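Listed here are the chains, written in short residue letters.
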Amino acid sequence: MKRWVALIAAAALAVGGQQAMAKETKAEQQFPDVKTRTKGIIPPGGVLTSKTGGNTVDAETREAKPRADGRYHYDSPKLIQRLKAMNVNTYLFGIWESPTDWDDLRSEFAPLARAAGIDVWLDLVPPSECQADRPEGPYLEGYCSRPFKLDFIAWARNIATLSLQYPNIKAWQIDDFLIARNSDLFTGPYLAQIKATQDAINPNLGFLTTMYHWDYTADHLEKLAPYIDGVLFPYLGGAQSTTDPRFLAAQMDELLGKLNPLHLDLILLLYTDRFLDAALPPSPEYVAESLKVAMPYAADGRIGGIVAYGAPVNYDRRPTIASNNLAQTGEGRLSFAQGIYTTAPAGGFAEAYQQVTVDPAAGSYNLRFATYDQVSRTPAKSGKLYKEVLVDDQVVWRSDVADEFGFTWAPASVDLTAALRGKTTAKLSLKLYAQAPANFPIDVGFDSLVPTGFTIANFGFEDVNPATRGWQLKQQSPIIHGTIDKVTPHQAKDVYDVIAAAFGGQPQPAVPTTPSAPIPPDLPRTGTTYQPGGVGAIRNSAMYGKGRLSLFVPERSATNAGACVWAEQRMAVDPNAPRYEISWWDYDAYAADLLGYHLKQVTIVTSKEKKLLSNLDAAEAPKVWMNGQGNWGAVDITQFVRGETSVVLQVALCEQQGVGDYMIDVGFDEIDAVGLSVTNGDFEQGATGWTIFSPHAGMKAQVLTAG
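Residues numbered from 1 in each chain as written. Predicted model: local features only at pLDDT ≥ 70, side-chain atom pairs only at ≥ 80, totals over all residues. Heavy atoms only, no water.

(A) Looking closely at the state of the cysteines. Here the structure, examined in full by the defined rule, presents two disulfides. The residue that forms a disulfide with Cys130 is Cys144, at a sulfur-sulfur distance of 1.9 Å. The S-S bond linking Cys130 to Cys144 shows a torsion near -80°; that makes this disulfide left-handed. A residue pair is termed long-range when its members are at least 10 positions apart, and Cys130 in the loop between strand E3 (119-124) and helix H5 (152-165) and Cys144 in the loop between E3 and H5 qualify at 14 residues. Residue classification places Cys144 among the buried residues on the basis of a relative accessible area of 0%. Here Cys564 connects covalently by a disulfide to Cys654, the sulfurs 2.0 Å from one another. Looking along the S-S bond of the Cys564-Cys654 disulfide, the torsion reads about 115°, which is the right-handed sense. (Disulfide = S-S within 2.5 Å. Helix = DSSP H or I, 4+ residues; strand = E, 2+ residues; numbered from the N terminus. Buried < 20%, exposed > 50% of the residue type's maximum accessible area, 1.4 Å probe, protein only.)

In structure tokens, the structure reads:
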């Protein structure tokens, strides 16, 4: 069922009306005096584009099978078709994931895009996102912009030359000049050399970088302004959020005031797929609401355009990530969340409320509900964030998020007789309140509301239509954000269609009203500590399908340093393969933010050696499904596998230090290979093909299959 937001329809019609009026009232639109417009790289209505990015899902189209070189190439014809249907006029082509990306651009994508009327901007990565030239060998290498890697003088020369062959190549951008040690490379003299190199070949080629909201200091702008033509601005709400559109207009206005006097253009980068530091991925409703705000800025020329980051152009490859659905029942829940590297100030809160109808003849009043805290139970998190239920703004129930039931749906009940007796209506509120500054990521859920003696609209949070959902949302914090989080199997297609409608100036169908189904009467009445696949756990924690590998240490269980649990299988080696690689996705959302204890390990065992390919701290990675060694994608194991007839793959959870009460549940899923045979890499056939080892008390390896 479609869930597109009706708001986008009004936005699209308004933009269309503005454009028509502009044509009637003046022959030539007045744009800001910025370098991109002088160079002519911004089309009428702005650049409307998409791009892939680090660990986005289905944001690009790769061919289903590797070519003769053993590499997965861009599926350029399919990508062009999807871009045309999404109504883009430009594509920000990423040169990062495969060494073949540059050749795919030159020989396939650029000419096809030119024939389709699509301009091309190139997207390169800085040192912080380039893992290349490791002395240990290719197995520790990963994504990087190849072939020229970090030689941006060579990149400037070759891109400018290619832009003469394909005039639809209009610009290029290097990500994150100012992140980490990147600024050590991108000095003023080096940027001047880049600019001089490209300008000598094509002075009309655009050159941009990405700058976050906190980057626009006078020093940074003074350093960069002489050499770049504009910036891509990733919008992240108040802080690290891809569900909060409240600040978009104000932030664009603020940055335009800083950039336009320096003749620099602003391109909005809107996250339409996950951002690794955010608590929740963008919903179709968030994307639509944000585009409603941003499209008029592009249409009238205030900004140079919009990049739909992670737009799911490959939406039909697989369904939505299963573990994204954290609802206890159905597909929807109320969420209060804050991202990584943020601190919610004391006194702030996010709240959902509605007026409920009270039966004055009822003998008693009660509310049963369930809450979910995606946070580990550690002393440092106690006493800071509280879940609350209020009646007429008076607290009637309260619980610390650092309670006994992290990562599970815990039932709760509150007697409201005193609060509701004698009333016919009342204001019911659900809230997350910051009693003290809270500097840790959190996702708190409410679901399955069962009232006695009164009625609640949308008690299962299945309806996300603002006109009918019943709940009003109030935010009194720039960090904590409340939303009705509904995850459906067709989420990617819904996001794609929202972007296509906005970019095409087309109205969208209204969001259907989705009533909540009756809450099952057999839900647990008591809370339990987390067990993989157990009572209170989310219903499906796989990446795709229903199966995953679980490597687990329970709460209050002691382990010893060096102890491991693991799964392994022997894989046949194709002697004729041009190269060999292993790819996997792992997941450690069920981990505290305590480094130095639990390690995720991937090992290959050959006839000659046992080689550790990946050794990552489970508390270090983002709490989402991540791809490959060090989050850098597939691992090239050619140097170990060549000449073997078979090898053994092991995926393990190992203890760097013994623990006494530090829960962890590491997931592995979607294990694949080039040049080797993998049996049941998606764990959809239970443990078939795998041998499971749990030799240590207090640790358990098992294959989970959702019911």
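(B) Fine view of empty space enclosed by the protein. Evaluated as defined, the whole model comprises three cavities of 30 Å³ or more. Around the largest cavity, the lining comprises 44 residues; the ones closest to its centre are Ala279, Leu280, Pro281, Asn324 and Val624. Counting residues per element, the ones that place at least two in the lining of the largest cavity are strand E16 (442-452), helix H12 (491-503) and strand E22 (581-591). Lining the second largest cavity are 13 residues; nearest its centre among them are Gln240, Ser241, Thr243, Ala279 and Ala337. Grouping the amino acids of the lining of the second largest cavity by side-chain chemistry returns six nonpolar, seven polar and no charged. (1 Å grid on protein atoms, 1.4 Å probe; cavity = no way out; pocket = protein on both sides within 12 Å on 5 of 7 lines; lining within 4 Å. Points joined across faces, edges and corners; volume = space filled by probe spheres on them. Nonpolar A, V, L, I, M, F, W, Y, C, P; charged D, E, K, R; others polar.)

(C) Structural context of the nonpolar core. Of all hydrophobic cores here, the largest spans 79 residues; its most connected members are Leu105, Phe109, Trp172, Leu266, Leu268 and Leu291. When near neighbours in sequence (up to four residues on either side) are disregarded, Trp172 contacts Leu122, Leu124, Phe152, Trp155, Ala156, Ile159, Ile194, Gln198, Leu205, Gly206, Phe207 and Leu208. In this structure, Ala352, Ala434, Ile442 and Phe461 belong to the second largest nonpolar core, which totals 43 residues. (Core = buried A, V, L, I, M, F, W, Y, C linked by side-chain atoms within 4.5 Å. Contact = heavy atoms within 4.5 Å.)

(D) How the structure looks around helix H10 (residues 284-299). A rise of 1.5 Å per residue sets the reference length of H10, with its 16 residues, at 22 Å; its end C-alpha atoms lie 21 Å apart and thus fit the reference within 8%. Bending of H10 peaks at approximately 35° at the position of Lys292, with proline Pro296 no more than four residues after it. Of all 16 residues in H10, 13 are buried, a share of seventy percent or more. Looking one or two residues beyond H10, the residue adopting positive phi is Gly301, at roughly 90°. (Expected span 1.5 Å × (residues − 1). Bend = angle between axes of the 7 residues up to and from the residue.)

(E) The arrangement of the sheet that holds strand E4 (residues 169-174) in detail. The strand order E1-E8-E7-E6-E5-E4-E3-E2 describes an open sheet built from eight strands, whose pairing is parallel. Across the chains shown, the open sheet's two edge strands, defined by having one partner strand only, are strand E1 (47-51) and strand E2 (90-94). In this sheet, neighbouring strand axes are inclined to one another by 25° on average, regardless of whether the strands run parallel or antiparallel. Pairing between E4 and strand E5 (residues 206-210): four bridges, direction parallel. Within E5, the position partnered with Gln173 by the bridge is Leu208. (Pairing = 2+ DSSP bridges. Axes fitted to C-alpha atoms, helices over the stretch in contact; angles between N-to-C directions.)

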